[in-house]
Amino acid sequence: MGMNDCAQVGAAAPLVSLRGVNKSFGAQQVLFDVDLDVAPGEVVVVIGPSGSGKSTLCRCINRLESIDSGEIRVAGERLPEEGRALAAMRAQIGMVFQSFNLFSHRTVLQNVAMGPRKVLRQSRAEAEAHARRLLERVGLAHKADTVPAELSGGQQQRVALARALAMQPQVMLFDEPTSALDPEMVSEVLAVMLELARSGMTMIVVTHEMGFARQAADRIVFMDGGRIVEIAEPASFFRAPRSERARDFLSRMLEH
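Residues numbered from 1 in each chain as written. Predicted model: local features only at pLDDT ≥ 70, side-chain atom pairs only at ≥ 80, totals over all residues. Heavy atoms only, no water.

The annotation that UniProt attaches to the protein chain under Sequence similarities (unreviewed entry) is "Belongs to the ABC transporter superfamily." (UniProt positions renumbered as here; feature names shortened; annotations may be inferred.)

Rendered as structure tokens:
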């Protein structure tokens, strides 16, 4: 194949691909034969009841959890088991959790610039200039020299987002990024995530925020009992989910 053929094939090739992924914790199986492809630039929102395997799925994609069988590929490469190769692959995958995990004794700017300096070997000037641009993007340029304890939860989560973006990842994973926040802070984080989604970042988002799912997702993945029950575009999913379980779930969500 010539370069152009490769480029055309590459355009359609998934950035993240899961095939037959199974995962158990002890005797309890939490993922059953999960297949999922996420295209470059696609925003996939994973929803479903608690305990449906959503977070585990997210954590398997950057190998915070190992899988029992099946295969996960990122940008065509199988996820390495451990060591340097895994660290290099992880650098391609940004992750934002419920908890912010910021370094409390470092400033906001240092938190965002640290990964690029250590892992990407950027100079201090380069890393800090990039960090300031990202802080501006998440609306926190004015907080660069404060420490995390002086920030609200919503601000800390936006710093965590900037920190993940600073590594220039190919794909961003979000695991319930707003579930630990007070309600009034949720929208400021979702607004930044929506902007990111619209900028063309490949995103896999586990969330209970149905409004965000409706607005940001290219596809909705509905999980229940460790399985993907259905995958659909948001408009059709929210209007008329095909499975009984999704209908149940949505009617409960909409009651709240």
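Picking up after the structure, the text goes on.
Peer 1: Sorry, what's going on with the UniProt feature "domain: ABC transporter" (unreviewed entry) in the protein chain here?
Peer 2: Here the UniProt feature "domain: ABC transporter" (unreviewed entry) sits at residues 16–250. Taken end to end, residues 16–250 is 39% helix and 26% strand, and its first and last C-alpha atoms sit 27 Å apart. (Helix = DSSP H or I, 4+ residues; strand = E, 2+ residues; numbered from the N terminus.)

Peer 1: Would you take a moment to explain the nonpolar core for this structure?
Peer 2: For soluble globular proteins, nonpolar side chains are generally found buried alongside one another. Residues Leu135, Met172 and Met203 are the most contacted members of the largest nonpolar core, which totals 54 residues. Counting residues per element, this core draws most heavily on helix α7 (residues 183–198), which supplies nine residues. Excluding its chain neighbours within four sequence positions, the residues that come into contact with Leu135 are Val108, Leu109, Val112, Leu140, Ala141, Ala144, Val159 and Ala162. By size, the runner-up hydrophobic cluster in this structure holds 26 residues, among which are Leu18, Leu31, Cys60 and Ile93. (Core = buried A, V, L, I, M, F, W, Y, C linked by side-chain atoms within 4.5 Å. Buried < 20%, exposed > 50% of the residue type's maximum accessible area, 1.4 Å probe, protein only. Contact = heavy atoms within 4.5 Å.)

Peer 1: In this structure, what is going on with the packing of aromatic side chains? I would like to understand it.
Peer 2: How two aromatic rings sit relative to each other is set out by the distance from centre to centre and by the angle between their planes. Enumeration according to the criterion identifies three aromatic pairs in this entry. A ring pair is formed by Phe222 and Phe237, whose centres lie 6.2 Å apart and whose planes are at 35 degrees; its orientation type is tilted. In this pair, Phe222 sits in strand β9 (residues 219–224) while Phe237 sits in helix α9 (residues 234–239), placing the two residues 15 residues apart along the sequence. Judged by its relative accessible area of 0%, Phe222 falls in the buried class. Overall, Phe237 belongs to the buried group, its relative accessible area being 0%. Geometrically, the ring pair formed by Phe222 and Phe249 is tilted, given 5.4 Å between the ring centres and 50 degrees between the ring planes. Of the two residues, Phe222 is situated in strand β9 and Phe249 in helix α10 (residues 244–255); the sequence distance between them amounts to 27 residues. (Phe/Tyr/Trp six-rings, centres within 6.5 Å; stacked < 30°, edge-to-face > 60°.)

Peer 1: Can you help me understand unusual backbone geometry in this one?
Peer 2: As a rule of thumb, non-glycine residues mostly have phi less than zero, and peptide bonds are mostly trans rather than cis. Here Ala75, not a glycine, exhibits a phi torsion of approximately 55 degrees, which is positive. With respect to the element layout, Ala75 can be found in the loop between β4 (69–74) and β5 (77–78). With a relative accessible area of 40%, Ala75 lands in the partly exposed category. Backbone geometry places Glu176, a non-glycine residue, at a positive phi of 45 degrees.

Peer 1: Just checking my understanding: could you explain the packing of helix α4 (residues 108–118) against helix α5 (residues 124–137) for this structure?
Peer 2: Relative placement of two packed helices is described by the angle separating their axes and the distance separating the axes. Across the interface, α4 lies against α5 with an axial gap of 8 Å and an inter-helix angle of 125 degrees. Taken as axis vectors, α4 and α5 run oblique relative to one another. Between α4 and α5 lies a crossing of right-handed hand. Between α4 and α5, the contacting residues are Val108, Leu109, Val112, Ala113, Pro116 and Arg117 on the first element and Arg124, Ala127, Glu128, Ala131, Arg132 and Leu135 on the second. Taken together, the residues of the contact of α4 with α5 sort by class into eight nonpolar, no polar and four charged. (Axes fitted to C-alpha atoms, helices over the stretch in contact; angles between N-to-C directions. Parallel < 35°, antiparallel > 145°, perpendicular 65-115°, else oblique. Left-handed = near helix turned anticlockwise from the far one by under 90°. Nonpolar A, V, L, I, M, F, W, Y, C, P; charged D, E, K, R; others polar.)

Peer 1: Looking at this structure, I do not really get the sheet that holds strand β2 (residues 28–38). What am I missing?
Peer 2: Within a sheet, neighbouring strands are paired by backbone hydrogen bonds and run either parallel or antiparallel to one another. Taken together, four strands build an open sheet; the order of strands is β2-β1-β4-β5 and the sheet is antiparallel. Two strands in the sheet have a free side with no partner beyond their single neighbour: β2 and β5. Relative to β5, β4 runs antiparallel, the two being bridged by two bridges. Paired with Val74 across the strands is Glu77, a residue of β5. Here helix α2 (residues 54–61) sits on the sheet and contacts β1 (16–25), β2 and β4; the angle it forms with β1, its principal contact strand, is near 120 degrees. (Pairing = 2+ DSSP bridges.)

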